[in-house]
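Chains, contacts and geometry: an overview
One letter stands for each residue in the lines below.
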Amino acid sequence: MASNWVGELIYEGKAKRVYRVNNEFLVMEFKDEVTAFDGVRKEYAPGKGRLAAAQTAFFMRLLDKYGIRNHLVDWDGDRKILVRSLKMIPIEVIVRNYAYGSFLRRMPLVRPMTKFSRPLVEFHLKSDELHDPLITMDDIVEAGLASREQINEIVNTALSVNSILSELMISRGLVLVDFKLEFGVDKSNNVVLADELSGDTMRVLINGRHLDKELFRKGASAMDLVKAYEELNKLLGIP
Ligand code: 5GP
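Computed from a predicted model, the values in this text were never measured in an experiment. (Residues numbered from 1 in each chain as written. Predicted model: local features only at pLDDT ≥ 70, side-chain atom pairs only at ≥ 80, totals over all residues. Heavy atoms only, no water.)

Examining the nonpolar core
Keep this limit in mind: In plain words, nonpolar cores are sets of buried Ala, Val, Leu, Ile, Met, Phe, Trp, Tyr and Cys residues tied together by side-chain atoms within 4.5 Å. When accessible area is computed with a 1.4 Å probe and restricted to protein chains, residues below 20% of their type maximum are described as buried, those above 50% as exposed, and intermediate ones as partly exposed. The helix count covers DSSP runs of H or I at least four residues long, the strand count covers runs of E at least two residues long, and both are numbered beginning at the N terminus. Annotation comment: domain bounds sourced from an automatic or database domain assignment. Contact between two residues is taken to exist if any of their heavy atoms lie within 4.5 Å; hydrogens are not considered.
Among the nonpolar cores identified, the biggest contains 51 residues, and F123, L165, L181, L193, L197 and M202 are the most heavily contacted of them. Sort the elements by how many residues they give to this core and helix 4 (residues 148–171) lands first, with nine residues. Both domains that furnish three or more residues to this core are identified here as domain 1 (2–84) and domain 2 (87–221). With near-sequence residues (within four places) excluded, L181 lies in contact with I91, E92, V93, A158, V161, L193 and L197.

Some thoughts on the sheet that holds strand 2 (residues 16–20)
The condition is simple: When DSSP finds two or more bridges between two strands, those strands count as paired. Only the stretch in contact is used when fitting a helix axis, every axis being a line fitted to C-alpha atoms; angles between N-to-C directions are given from 0 to 180 degrees.
What the five strands build is an open sheet, ordered 1-2-3-7-6; its pairing is antiparallel. Sheet topology places strand 1 (8–12) and strand 6 (72–75) at the edges, where each strand pairs with a single neighbour. Across the sheet, the axes of successive neighbouring strands diverge by a mean angle of 25°, strand direction being ignored. Relative to strand 7 (residues 80–84), strand 3 (residues 25–30) runs antiparallel, the two being bridged by five bridges. Its bridge partner lying in strand 7, F25 is registered against R84. Each of strand 3, strand 6 and strand 7 touches helix 1 (residues 48–65); the most contacted strand, strand 6, lies at about 135° to it.

Overview of helix 6 (residues 222–236)
So the rule is basically this: Each helix should span, by expectation, one fewer than its residue count multiplied by 1.5 Å. Working note: the arc is built from the helix axis to C-beta atom directions.
With 15 residues, helix 6 extends 21 Å between its outermost C-alpha atoms, agreeing within 8% with the 21 Å of an ideal straight helix rising 1.5 Å per residue. Taken as a whole, helix 6 has its buried residues at A222, L225, V226, A228, Y229, L232, N233 and L236. With its buried residues spanning 160° around the axis, helix 6 presents them on a single face. Immediately beyond the C-terminal end of helix 6, within one or two residues, lies G237, with a positive phi of roughly 70°.

Considerations on the side chain of Q55
For Q55, the position within the fold is in helix 1. Discounting residues that sit within four places of it in the chain, Q55 has contacts with L197, S198, G199, Y229, L232, N233 and I238.

Here we look at the packing of aromatic side chains
Filter applied, for reference: Each Phe, Tyr or Trp ring, with Trp reduced to its six-membered ring, pairs with another whose centre is within 6.5 Å; inter-plane angles below 30 degrees give stacked pairs, above 60 give edge-to-face pairs, and intermediate values give tilted ones. Each ring is checked for a lysine NZ or an arginine CZ that lies within 6 Å of its centre and within 35 degrees of its normal; such an atom marks a charge sitting over the ring.
Taken as a whole and assessed by the stated rule, the structure comprises two aromatic pairs. Ring geometry for F103 and F116: centres 4.9 Å apart, planes at 75°, overall edge-to-face. With F103 in helix 2 (residues 101–106) and F116 in strand 10 (residues 115–125), the pair connects residues that are 13 residues apart, well separated along the chain. The buried category is assigned to F116, whose relative accessible area is 14%. Here R41 stacks its cationic end above the ring of F216, 3.7 Å away from the centre of that ring.

Details of the packing of helix 1 against helix 4
The criterion, for reference: Helix crossings are classified by the rotation of the near helix relative to the far one: an anticlockwise turn of less than a right angle makes the crossing left-handed, while a clockwise turn makes it right-handed. The nonpolar class holds Ala, Val, Leu, Ile, Met, Phe, Trp, Tyr, Cys and Pro. Asp, Glu, Lys and Arg form the charged class, and all remaining residues, Gly among them, are polar.
Two elements in contact, helix 1 and helix 4, have axes whose closest approach is 11 Å; the angle formed by their N-to-C orientations is 115°. Crossing geometry of helix 1 relative to helix 4 is assigned as right-handed. In contact with F58, F59, L62 and L63 of helix 1, helix 4 contributes V161, I164, L165, L168 and M169. Along the lines of polarity and charge, the residues of the contact of helix 1 with helix 4 split into nine nonpolar, no polar and no charged.

Describing the site of the ligand
So the rule is basically this: Only heavy atoms are used to decide nearness, and a residue is near a molecule or strand if one of them lies within 4 Å of it. Under the rule applied, a polar contact is a pair of N or O atoms within 3.5 Å (in protein, one hydrogen donor and one hydrogen acceptor; residues adjacent in sequence only if both atoms are side-chain atoms). Surface accessibility follows the Shrake-Rupley procedure with a 1.4 Å probe radius. Residue values consider only the protein chains on display as shielding.
Taken together, 15 residues lie around the ligand, and R96, S102, D178, D200 and R203 are the ones closest in. Within the side chain of R96, a nitrogen or oxygen atom sits 2.9 Å from an oxygen atom of the ligand. Between the ligand and the protein, one listed contact pairs an oxygen atom with a side-chain N or O atom of R203 at 3.0 Å. With the chains in place, 82% of the 490 Å² that the ligand exposes on its own is no longer accessible. Elements with a contribution of two residues or more to the shell around the ligand: strand 9 (91–98), helix 2, strand 12 (174–185) and strand 14 (202–206). Grouping the amino acids of the shell around the ligand by side-chain chemistry returns four nonpolar, three polar and eight charged.

Spatial relationships are all this shows, so hold off on functional conclusions.
Structure, rendered in structure tokens:
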């Protein structure tokens, strides 16, 4: 199966390459690299690509079991996943259970790691140039990026993803602090969860210790990050 996944390189980002197989399918290849601070810090991270692909496949399959429509078709057991091609909505949807990261920078009145009374859902415009600014639901509608109905569906899906993942994490002694989702629209105009779900896109703690990319942002080496992803996968039973 994996050998059939050849296609033309159509996009190269900081953590992934995307290849077009045909009109319907894309291949996402997770790189053995880690970057932080908009690519300013970058290191070779052997094994990371496979670990992040495995995490994404595991979480997407789990969410599918709960009826959450997502783009995953298959995983090659290594660094690639086969996904459905979608028209991507250029926003990042962040769900937060605890105060951390950019939330604290814009709201210093709340103490770090305060548990929110209910999960927060927020939107950021995907733009490296503007550093992914926080935007409102009205901004999204007025810019024609998504309809109000689609945004409502995205919020509901994001909250369901949070419940499913938080429950799983709690059962393994982990705390899901926050995470980022991206969505696209398929040919039938359905909103579909897309992109990746991995240690690169979430903050997850064990006894206050990060098993996610925050380690690297805080100065740990790429090898330490790979070890943390191995630990996370072991705890979650990810192959
Ligand atoms: P924050 O907005 O606090 O920096 O990030 C909130 C959550 O979303 C974190 O789990 C973080 O990893 C994820 N996140 C936010 N922006 C990005 C991004 O541009 N790329 C990736 N991979 N994750 C992001």
